[in-house]
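Given next are the chains, with one letter for each unit.
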Amino acid sequence: LPQPQIATPAELGRQPRNVTVAISRKEVMDSRFYRRTIADPAWWEDYLTTDRYFKNITSMFDSRIIRAVYGPLTRVIFTSLVVCTWETCRAQGVLPQEFPSITMPNTLPLGLTSFAISLLLVFRTNQ
């Protein structure tokens, strides 16, 4: 099959306004055939080994998403660790009861923002 010609945004800017650059849905679906992995029995045998878990764990830190959230995630984990340690020491009597509690007295803010956080997680983009 001939490969469809797709214009880049720079090329679109140089074309007259009434020219539409598009390819048909059939051409798009036909081109996907060449990008798909064809899974034969040998491929599945290699894929189903337990080595893939190790490979995925070791390549996790190469992920752009992990690198993007590493800083904020580290701060949240550290803050959670400090609060949990503080409250555990206070409950077991290691810290005097005069030390203030760090618990959240009202959970209403979490309830009000949970829907927004869930929507952000579901409809996230990598742009």
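Keep in mind that what you see is a predicted model, and the values were worked out from it rather than measured. (Residues numbered from 1 in each chain as written. Predicted model: local features only at pLDDT ≥ 70, side-chain atom pairs only at ≥ 80, totals over all residues. Heavy atoms only, no water.)

J.: Lay out the overall build of the protein chain with the relevant residues and their values.
T.: Helix and strand content of the protein chain: 6 helices and 0 strands. Within the protein chain, buried positions represent 4% of all 127 residues. Excluding contacts between residues fewer than 6 apart, the proportion of contacts in the protein chain whose partners are at least 24 apart in sequence is 13%. Within the structure as shown, the protein chain displays about 11900 Å² of accessible surface, and the carbon and sulfur contribution to it stands at 64%. (Helix = DSSP H or I, 4+ residues; strand = E, 2+ residues; numbered from the N terminus. Buried < 20%, exposed > 50% of the residue type's maximum accessible area, 1.4 Å probe, protein only. Contact = heavy atoms within 4.5 Å. Areas by Shrake-Rupley, 256 points an atom, 1.4 Å probe, with all protein chains shown as cover.)

J.: Outline the packing of aromatic side chains, supporting the account with residue identities and numerical values.
T.: The tally for this structure, following the rule as stated, stands at 1 aromatic pair. For the ring pair Trp 86 and Phe 99, a centre distance of 5.6 Å and an interplane angle of 50° mean the geometry is tilted. Here Phe 99 lies in the loop between α5 (64-91) and α6 (108-122) and Trp 86 lies in helix α5, a separation of 13 residues in the sequence. Since its relative accessible area comes to 26%, Trp 86 is described here as partly exposed. With relative accessibility at 33%, the residue Phe 99 sits in the partly exposed group. (Phe/Tyr/Trp six-rings, centres within 6.5 Å; stacked < 30°, edge-to-face > 60°.)

J.: Break down α5 for me, citing the residues and quoting the values.
T.: In an α-helix, one full turn covers 3.6 residues, which means residues spaced three or four apart are oriented alike. In this model, α5 (28 residues) spans 40 Å end to end at C-alpha, consistent with the 40 Å of a helix rising 1.5 Å per residue. By the largest-angle criterion, Tyr 70 marks the main kink of α5, which is about 50°, and a proline, Pro 72, follows within four residues. The backbone nitrogen of Ile 65 has a side-chain oxygen 3.2 Å away, supplied by the residue at the start of α5, namely Ser 63. (Expected span 1.5 Å × (residues − 1). Bend = angle between axes of the 7 residues up to and from the residue. Polar contact = N/O pair within 3.5 Å; in protein donor to acceptor, adjacent residues only side chain to side chain.)

J.: Please provide a residue-by-residue account of the side chain of Glu 87, values included.
T.: With respect to the element layout, Glu 87 can be found in helix α5. It is Arg 90 that comes nearest to the buried, bridge-free Glu 87 among opposite-charge side chains, at 4.3 Å. Engagement of the side chain of Glu 87 in a polar contact is seen with the side chain of Ser 101, the distance being 3.2 Å. In contact with Glu 87, other than residues within four places in its own chain, are Ser 101, Ile 102 and Thr 103. (Lys, Arg positive; Asp, Glu negative; His and termini not counted. Salt bridge = Lys/Arg side-chain N within 4 Å of Asp/Glu carboxyl O.)

J.: I'd like to hear about the confidence of the model for the protein chain, residue by residue, with values.
T.: On average, residues of the protein chain score 76 in pLDDT, and 72% of them reach the 70 mark or higher. Here helix α1 (residues 9-14) stands out as the least confident element of the protein chain, with mean pLDDT 52; α5 is the most confident, with 89. (pLDDT = per-residue confidence, 0-100.)

J.: How would you summarise a nonpolar patch on the surface if you had to cite specific residues and measurements?
T.: Residues Phe 115, Ile 117, Leu 119, Leu 121, Val 122 and Phe 123 make up a contiguous nonpolar surface patch of about 680 Å² in total accessible area. Along the polypeptide, Val 122 turns up in helix α6. Taking relative accessible area as the criterion, Val 122 reaches 60% and is therefore assigned exposed. (Patch = residues over 30% accessible without salt bridge, like charges linked within 9 Å, V, L, I, M, F, W, Y side chains within 5 Å.)

J.: So what's going on with the side chain of Arg 90? Residues and values would help.
T.: Among the secondary structure elements, Arg 90 is positioned in helix α5. Sequence-distant contacts of Arg 90, defined by excluding residues within four places in its chain, comprise Leu 95, Pro 96, Gln 97, Phe 99, Pro 100 and Ser 101.

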